[in-house]
Amino acid sequence: MFALGALGVSRCGYSLSVAGSEGDSMPKKLIVTRVLTLTCATVVLVSGARGLPQAPSGTQIEVVESIENRAPALEKKPSLQFGKTQTSALTIRVDEATHYQTIDGFGASLTDSSAWLLDQKLTPEQRKETLDHLFDPKSGIGLSVLRQPMGASDFATTEYSYDDVAKGEKDFKLDKFSIEHDRAYIIPIVKQALARNPNLKIIASPWSPPGWMKTSQSMIFGALSPEAYPSFANYFVKFIKAYEAEGIPIYAITMQNEPLNIPGNYPGMGMTAVEQAAFLRDLLGPALKSAGLKTKVFVFDHNWDLIEYPNAVLSDSKAAAFAAGTATHCYGGVPTAQNELHDRFPEKEIWMTECSGGDWQKGNLLEQQARLIINSMRNWAETVVLWNLALDQNHEPYLGGCTTCRGIVTINHSASPAQVIPTADFTALGHVSKFVKPGAHRIKSTSFDQGSLEDVAFQNPDGSIVLFVLNGSGGPTPFNIAWKGEFASYKLPAGAVATFVWQAAAPK
C-alpha cells in the first residue's frame, strides 16, 4: 500500500490492515500491520540525480536496485566511484559520444476503467498520494506519457464515443460531437497528472469511431464506411481542439488501435494499410494542417510481427509526409522488428505504445518487464507505454477482451479503505521514468543479451548519464562499468535490476 512520509510502497502477497486516527478518511500517518507473515515488498524512492559530483575523475555513481518480491524495491544503495581498477568480470562500456534516438518517456494509459477506479474507489487523499507516486518526478516515479483511448476501449465502464446518436441516425457534420463523458473523471485526472508533470505527453488512439460511421453500424466489428472518411478526419480535429480547450495538449494521435484486430466483444475496427494510407493522405493529414494543428500522427499502432503494415503506409510518400513515424505493440513478434522500420525509414520515429502485463506471465515479472524496456529502447523506441494505469483486484472494469491484464497499480477495493498496490510494472517503469528525462538520448553501451547482463544507457539534457541493467542470469553477477577510461565495479543479484546515475558534461 502506498504510505505517506518517506514515499514507501508495499507490494504484499496478503491483505493489510491499516491503523490511523479515528474518523480520518485517509490517515495522515499510516501504520501498516501484517495480517499474515508473508513477503511484503516496499518501494523507497530516492530523490534522483540532484547533487551528483561533476568532477571528471573520481565521479560518483548513484545506485538504485530492485529484486522481485523483495523489500525494499527501488532501494538506494551505497554510491560507487569511478577509478582506475578494472576487475576480471564482464564490462559494460558506456559512450555518450554515440547518440541514438531521442526519448519521449515512459508511461501507461489512463483508460476509462483506470480513471473510474481512481475517481470512485479512492479517497481524495489516497488519489492525491497515488498520483504523486505515479507522476511527480521528484516524490514519485515521474511517468511522462499517457496514451488515451478516444472513446471506449476494452477497458471501460460503458460503450461510448464522442458522437453517439440514435440507432439509424447519422451525424456527418458532427453537430452532436461532445467530450462530456470524459469531463466526469478522465479529464480531471489527466489535469491532475499534468499538474504534477507538465512535460507529460498525451497520445490519443481510437478503438472505434462512432458506430454510425462504420459498415457494422456498431462500435463492434466493421470497417470505416467510405462516406464517413471526411467525418472521421474532422472527428480527430474536434477531439484535439476540445482537449486543448480543457488545457490538455495532444502530442500525437494514431488513426486506429490495432487495425488488423477486429474484436468480437469490445470496440474495434478493421483498417487495411491501403485504407490507412488513403485516409491519412487524402483526409486526416490535410484536415490537421488546415486546422493549424501540430499534433503528430503515428501510423500502425499494432504488433511487431505485422511490420509490413507500416512499411506499406510509409512507402506512400504523400501519406508519409503527414506521418511522424510508427506506433508498435508487443503482443506478437519481437522488438528487433523495429530495426526494419528504422532501416527503411530512418527519418521516421518509432514509439512502443502498448504492452500489458498479465496473469499469463510466469516467473520473475520484474525481469520480464525490465527486458521489455531494454529491448524496446535498444531497437529505436522513443517510448515504452504499458497498458492500464490502474485495475482492480479482479482485473476490472472491462468490456471484453483481456480478463487477466495487470495495471501499473492494483486498486483493491474489496475492503475499506481501498488498498493501492504497485505491481512489478510500477517498479520496472520507475527504474527508468524517474531518472531518464524527456529529451534524453539513448547512448552506446555494451550488452550481453538474455541470460546474462542486459542493459540500455541514456544521457539526459543536463548531461547526467543513466545506465539501466538487468541480470538475467541464474546467479549473482559481478561486472564493471567503464566510462572515459575509468571503471566502477558492482555485483547484481540474480534476476535483479539496477539503475546507475552519474554526472557528465551537458551535451553541446
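What this report covers is the structure whose coordinates are included nearby. (Residues numbered from 1 in each chain as written. Predicted model: local features only at pLDDT ≥ 70, side-chain atom pairs only at ≥ 80, totals over all residues. Heavy atoms only, no water.)

## Some thoughts on the state of the cysteines
So, step 1. Tallied over the entire structure, the rule returns 2 disulfides.
So, step 2. Here Cys330 is linked by a disulfide to Cys355, with a sulfur-sulfur distance of 1.9 Å. Since a negative S-S torsion denotes a left-handed disulfide, the Cys330-Cys355 link at about 80 degrees is right-handed. Of this pair, Cys330 sits in the loop between strand S14 (325-329) and helix H9 (337-344) while Cys355 sits in the loop between strand S15 (349-354) and strand S16 (357-358), placing them 25 residues apart in sequence.
So, step 3. Between the sulfur atoms of Cys402 and its disulfide partner Cys405 the distance amounts to 2.2 Å. Because the torsion about its S-S bond is 120 degrees, the bridge between Cys402 and Cys405 counts as right-handed. (Disulfide = S-S within 2.5 Å. Helix = DSSP H or I, 4+ residues; strand = E, 2+ residues; numbered from the N terminus.)

## Thoughts on the pattern of salt bridges
So, step 1. Inspection of the entire model under this criterion finds 21 salt bridges.
So, step 2. For Glu62, the salt bridge identified is with Lys76, shortest N-O distance 3.7 Å. Linking Glu62 in strand S6 (residues 60-66) with Lys76 in strand S7 (residues 75-81), this pair joins segments that are 14 residues apart in sequence.
So, step 3. Through salt bridges with shared partners, a single network forms among Glu180, Arg183, Lys191 and Glu246. (Salt bridge = Lys/Arg side-chain N within 4 Å of Asp/Glu carboxyl O.)

## Regarding the sheet that holds strand S25 (residues 477-483)
So, step 1. Strand order across the open sheet formed by 9 strands is S7-S6-S27-S24-S23-S22-S8-S25-S26, with mixed pairing between neighbours. This sheet does not close on itself; its edge strands, each paired only once, are S7 and strand S26 (486-492). If you compare each strand with its neighbour and ignore which way they point, the axes differ by 30 degrees on average.
So, step 2. Contacting S6, strand S8 (90-102), strand S22 (441-445), strand S23 (453-459), strand S24 (465-471) and strand S27 (497-502), helix H10 (residues 365-378) crosses the sheet at an angle of about 50 degrees to S23. (Pairing = 2+ DSSP bridges. Axes fitted to C-alpha atoms, helices over the stretch in contact; angles between N-to-C directions. Contact = heavy atoms within 4.5 Å.)

## Describing H9
So, step 1. Along H9, the residues that are buried comprise Ala337, Gln338, Leu341 and His342. The buried side chains of H9 occupy one side of the element, clustering within an arc of 150 degrees when seen end-on.
So, step 2. On its buried face, H9 sits against helix H7 (308-314), S14, S15, H10 and strand S17 (381-388). (Buried < 20%, exposed > 50% of the residue type's maximum accessible area, 1.4 Å probe, protein only. Arc of directions from axis to C-beta.)

## Quick look at unusual backbone geometry
So, step 1. A cis amide bond links Ala71 to the next residue, Pro72, at an omega of -10 degrees.
So, step 2. Tracing the sequence through the fold places Pro72 in the loop between S6 and S7.
So, step 3. Of note, the amide linkage connecting Glu396 to Pro397 takes the cis form, showing an omega dihedral of -5 degrees.
So, step 4. With respect to the element layout, Pro397 can be found in the loop between strand S18 (390-392) and strand S19 (405-406).
So, step 5. The residue Leu74 is not glycine, and still its phi comes out positive at about 45 degrees.
So, step 6. Of note, Leu74 is situated in the loop between S6 and S7.
So, step 7. Positioned with a positive phi, Lys484 is a non-glycine residue whose angle comes to about 50 degrees.

## Considering the packing of helix H5 (residues 229-245) against helix H6 (residues 273-290)
So, step 1. At a minimum axis distance of 9 Å, the contact between H5 and H6 shows a crossing angle of 50 degrees. Judged by the inter-axis angle, H5 sits oblique to H6. Crossing of H5 against H6: the hand is right-handed. Residues Tyr229, Pro230, Phe232, Ala233, Asn234, Phe236, Val237 and Ile240 of H5 form the contact with H6, whose own contacting residues are Glu275, Phe279, Leu283, Leu284, Ala287 and Leu288.
So, step 2. Among the residues making up the contact of H5 with H6, the classes are represented as 12 nonpolar, 1 polar and 1 charged. (Parallel < 35°, antiparallel > 145°, perpendicular 65-115°, else oblique. Left-handed = near helix turned anticlockwise from the far one by under 90°. Nonpolar A, V, L, I, M, F, W, Y, C, P; charged D, E, K, R; others polar.)

## With respect to the packing of aromatic side chains
Centre-to-centre distance and the angle between the planes together describe a pair of aromatic rings.
So, step 1. A complete count under the given rule lists 24 aromatic pairs for this structure.
So, step 2. Here the aromatic rings of Phe155 and Tyr398 are separated by 6.3 Å at their centres, their planes lie at 80 degrees, and the arrangement is edge-to-face. Pair noted here: Phe155 is in the loop between strand S10 (145-149) and helix H3 (180-183) and Tyr398 is in the loop between S18 and S19, with a separation of 243 residues, a long-range link.
So, step 3. Consider the rings of Phe236 and Phe279, whose centres lie 6.3 Å apart with planes at 50 degrees: the pair is tilted. Taken as a pair, Phe236 in helix H5 and Phe279 in helix H6 lie far apart in primary sequence, 43 residues in all. As far as burial versus exposure is concerned, Phe236 and Phe279 are alike and both buried.
So, step 4. Among the aromatic side chains, those forming a connected cluster through ring pairs are Tyr160, Tyr162, Phe177, Tyr229, Phe232, Tyr235, Phe236, Phe239, Tyr243 and Phe279.
So, step 5. One Lys or Arg, Arg442, reaches over the ring of Tyr100 and ends 4.0 Å from the middle of that ring.
So, step 6. Seen from the ring of Trp380, Arg442 lies directly overhead, with NZ or CZ sitting 5.4 Å from the centre. (Phe/Tyr/Trp six-rings, centres within 6.5 Å; stacked < 30°, edge-to-face > 60°. Lys NZ or Arg CZ within 6 Å of the ring centre and 35° of its normal.)

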